[in-house]
Amino acid sequence: QVHLVESGGGLVQPGGSLRLSCAASGRSSSFYAMGWYRQAPGKQRDLVASINRDGSTNYADSVKGRFTISRDNAKNTVYLQMNSLRPDDTADYYCATSWRSTIKIVDYWGQGTPVTVSS
């Protein structure tokens, strides 16, 4: 059984920063793909950023240049550094992991952590 434990969400003013963390436990080998999705109220869950075991990354156009994803394979942990936050970044953020070569096929989800960007 795999558990994903997220932390780091909260309330921040526009232009501020937050760092999300997600630690995976229960398996000894590292996932191939790890990433973050987000879901705003009344909207679908969308992929924000992903990172493969080799360090290659992908970002949604809306967060390029503002968000940075990274991972620690030894700790099976993925991070999302979010800078220059905007009100439209407000959403529940979900950690996702996959044993496959793409995070678009998710094997495990975190419980979600809320991010609210508001003055």
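Since we're looking at a predicted model, the values are computed, not measured.

Sorry, what's going on with the sheet that holds strand β7 (residues 67-72) here?
Within a beta sheet, neighbouring strands are joined by backbone hydrogen bonds and run either parallel or antiparallel to one another. Strand order in the open sheet made by the four strands is β1-β3-β8-β7, with antiparallel pairing throughout. Of all the strands in the sheet, the pair left with one neighbour each is β1 (3-7) and β7. Averaged over all pairs of adjacent strands, the angle between their axes in this sheet comes to 15°, without regard to strand direction. As paired elements, β1 and strand β3 (residues 18-25) share five bridges and run antiparallel to each other. Of the residues in β3, the one forming a bridge with S7 is S21.

Could you clarify how one ought to interpret the nonpolar core in this entry?
As a rule of thumb, nonpolar side chains are buried together in soluble globular proteins. In this structure, W36, F67, V78, L80, M82 and Y93 are the most contacted members of the largest nonpolar core, which totals 25 residues. Residue assignment for this core shows that the elements contributing at least two residues are β3, β4 (33-39), β5 (46-52), β7, β8 (77-82), β9 (91-98) and β11 (113-117). For this core, the leading source of residues is β3, giving four residues. Ignoring anything within four residues of it in the chain, the contact list for M82 reads G16, S17, L18, L20, R66, F67, Y93 and V115.

Calculation rules
Residues numbered from 1 in each chain as written. Predicted model: local features only at pLDDT ≥ 70, side-chain atom pairs only at ≥ 80, totals over all residues. Heavy atoms only, no water. Pairing = 2+ DSSP bridges. Helix = DSSP H or I, 4+ residues; strand = E, 2+ residues; numbered from the N terminus. Axes fitted to C-alpha atoms, helices over the stretch in contact; angles between N-to-C directions. Core = buried A, V, L, I, M, F, W, Y, C linked by side-chain atoms within 4.5 Å. Buried < 20%, exposed > 50% of the residue type's maximum accessible area, 1.4 Å probe, protein only. Contact = heavy atoms within 4.5 Å.

By themselves, these observations are geometric and do not establish any function.
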